[in-house]
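Single-letter residue listing:
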Amino acid sequence: MGLRRRKTKYRYPPGPKGIPIFGNIFQLPSLYPGAKLIEWGKQYGDLKWVVVNSSEVARELLERRGRLYIGRPEFAVTQDILSRGNRIVLMGHTERWRALRKIMHSLLMASKSNTYKPFQDVESRALVWQCLRRPDEFYRHGARFANSVIFSVVFGRRTSMNDEKVQLLFSTIDDFLGSQTSPSTTFVEQFPWLVRAMPRSLQWFRPEADRIYKKTIGVYTTLFDDLERRIKEGEDPDCFARGMADVASKYGFDKAQAYFAAGTILEAGSDTTRNQINLMLAAAAKYPAWVATAQSQLDKVCGDASRLPSFDDWDRLPYIVAAIKESLRWRPNLLPFGVPRTLIEDDKYRGYVFEKGTIFVYNNIGISHNEEEFPSNDVFSPERFLNEDLQDALKGHLGFGTGRRVCPGWHVGTQNMFASLPLSGRNFLIAFSRLLYCFDFREVPGHTIDECEIHPLAHDHAPFKIQIIPRSEKHVRLMERECAPAVEELDQM
Ligand code: HEM
């Protein structure tokens, strides 16, 4: 990060002094670097080399001037070797990236939401039922929900966590994320020129990156072959992978590119959704006041355990919408810095002159915990978002990023939290509203939840302890009626 040469023509904001060659890379804690960046922000102002440290600057540079802040830095290992250039999230501002964004947009847009709704509906019922039966394994149920919904979006069928192919698929996500955060890779990624100059035989990181590429493409091939077989046998799934395969040749994409586009959706949509559910549960246990308000709104709409909330209730549940947005502000999901952007032309701002190619990241947690903008910033309070921008899922937080590289899955993502928004929105809408309607949440005495210690990549153990308690016997009966059948099908898979 601190390697940029400062030519006289360019003027950068002041920043912390780094050490030769390595700049500031060893000065930042790896999990939540926000606090350190806030400290630097106080010392040097709200622009760093170049860490965007206020929502005003994020809006101006990344959003209003989004046309310029649209590139990605080179990822010489994780993109060039491990993904053979095919991962959209790491692609620069190229024709190929533009075409992929266009296709993703059309395959994931709101009009597709009716295709995905049945999956979000049945999976959220299963989530509720599993939380009733095995509350201590809440983190597994959230993971299963997230994986199965996103798998259905991509391949048009539900999955069980016992399916070997699916396990292998999700292990490739761990391989990718693991290599992105491994010290040996992150170190080399700082010096793409070194990778290019180094003889292959000396590139100690290459064999592992090659191995992961071969495994990943092998897994994707099996899943696409399986989809093709199902279609030949008469199934007619309306899913992302089929749509992508249909248009790939029109855009000149080879099979690997089409496969990676689908794979990216799976990896971008599973851990993020799983983690967001964990954050919501942590917030519910720590700050019960907002849960009581949410429940009173849900009760007005759905009665006293008469029926589960559904996608059609969206307009009558503004508090749940606000809670989704607050969950995106309260703690950043997997990406405390977003994904780095590069500037594609020289730009001037507040007397500074930035050179084309400068890397920009935004300090998501620092920005969303700015006390002036978000008073009592640590408190989870959906009330902050009960304003005229409520229904604009991207306004008021940076959880899905911003500008022209904004997360294309927010549409899908938000709906699972309740069951009716765009893909992400809908995920959150359906899952959050149903969980909040059916259960109360408490911290376990002696085990205060520290949300800063919730590791976003840990799936093999509970990230915190929590009590998940049915609200009443009537709610238990409702879950038996409406949720149990959603799990029976899974048990038979
Ligand atoms: C809680 C759920 C999610 C969160 C918090 C989230 C967050 C993000 C963030 C912060 C970025 C980087 C944006 C930037 O550069 O400014 C991103 C990129 C991306 N997300 Fe999501 N995401 C979520 C769910 C999803 C889902 C469900 C999908 C797919 C259906 C998805 C697909 C992508 C893709 C493809 C990119 C790369 C875009 C590009 O580089 O042009 N995400 N996401």
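Residues numbered from 1 in each chain as written. Predicted model: local features only at pLDDT ≥ 70, side-chain atom pairs only at ≥ 80, totals over all residues.

**Student:** Help me understand the overall build of the protein chain in this model?
**Tutor:** In terms of helices and strands, the protein chain carries 18 helices and 9 strands. Counting all 493 residues of the protein chain, 47% fall into the buried class. Restricting the contact set of the protein chain to residue pairs at least 6 apart, pairs at least 24 apart contribute 68%. (Helix = DSSP H or I, 4+ residues; strand = E, 2+ residues; numbered from the N terminus. Buried ≥ 20, exposed ≤ 12 C-beta atoms within 10 Å, placed from the backbone. Contact = placed C-beta atoms within 7 Å.)

**Student:** Could you clarify how one ought to interpret the UniProt feature "binding site: heme" (unreviewed entry) in the protein chain in this entry?
**Tutor:** Under the feature "binding site: heme" (unreviewed entry), the UniProt entry names C407. Mapped onto the elements, C407 comes out in the loop between helix 14 (364-368) and helix 15 (410-413). In this structure C407 touches F400 and G401, once residues within four positions along its chain are discounted. (UniProt positions renumbered as here; feature names shortened; annotations may be inferred.)

**Student:** Mind showing me how you'd approach the packing of helix 12 (residues 288-302) against helix 13 (residues 318-330) here?
**Tutor:** Pairs of packed helices are described in terms of their axes, by the angle between the two and the distance that separates them. Two elements in contact, helix 12 and helix 13, have axes whose closest approach is 8 Å; the angle formed by their N-to-C orientations is 145°. Judged by residue contacts, W290, T293, A294 and Q297 of helix 12 engage Y319, I320 and A323 from helix 13. Class assignment of the residues belonging to the contact of helix 12 with helix 13 gives a composition of 5 nonpolar, 2 polar and no charged. (Axes fitted to C-alpha atoms, helices over the stretch in contact; angles between N-to-C directions. Nonpolar A, V, L, I, M, F, W, Y, C, P; charged D, E, K, R; others polar.)

**Student:** What am I meant to see in unusual backbone geometry here?
**Tutor:** Outside of glycine, negative phi angles account for most residues, and trans bonds account for most peptide bonds. Backbone geometry at R84 places phi at a positive 50°, although glycine is not the residue there. Looking at the secondary structure, you find R84 in the loop between strand 2 (69-71) and helix 3 (95-108). Phi angles above zero are rare outside glycine, and A305 is one such case at about 55°. Here A305 is to be found in the loop between helix 12 and helix 13. Overall, A305 belongs to the buried group, with 20 C-beta atoms counted inside 10 Å.

**Student:** It is not clear to me how helix 11 (residues 255-286) should be interpreted in this structure. Could you clarify?
**Tutor:** Owing to its 3.6 residues per turn, the α-helix aligns residues three or four sequence positions apart on the same side. Its 32 residues place the ends of helix 11 47 Å apart at the C-alpha level, agreeing with the 46 Å of an ideal helix rising 1.5 Å per residue. Of all 32 residues in helix 11, 30 are buried; the element is thus mostly enclosed. (Expected span 1.5 Å × (residues − 1).)

**Student:** What exactly am I supposed to notice about the site of the ligand here?
**Tutor:** Within the structure, the ligand sits among 28 residues, and A268, G269, G401, C407 and G409 are positioned closest to it. Within the residue set of the shell around the ligand, elements represented by two or more residues are helix 3, helix 11, helix 15 and helix 16 (423-438). Broken down by element, the residue count for the shell around the ligand peaks at 7 residues, all from helix 11. Taken together, the residues of the shell around the ligand sort by class into 13 nonpolar, 13 polar and 2 charged. (Near = placed C-beta within 6 Å.)

**Student:** Teacher, can you tell me more about the pairing of strand 6 (residues 359-362) here?
**Tutor:** Every regular strand shows the same layout, with side chains that alternate between the two sheet faces. Where strand 1 (residues 51-52) and strand 6 come together, 2 bridges link them in parallel fashion. Residue pairing for strand 6: V51 is matched across the bridge by V361. Direction of pairing for strand 3 (residues 341-343) relative to strand 6: antiparallel, over a ladder of 2 bridges. In the strand pairing of strand 6, R341 is matched with F360. (Pairing = 2+ DSSP bridges.)

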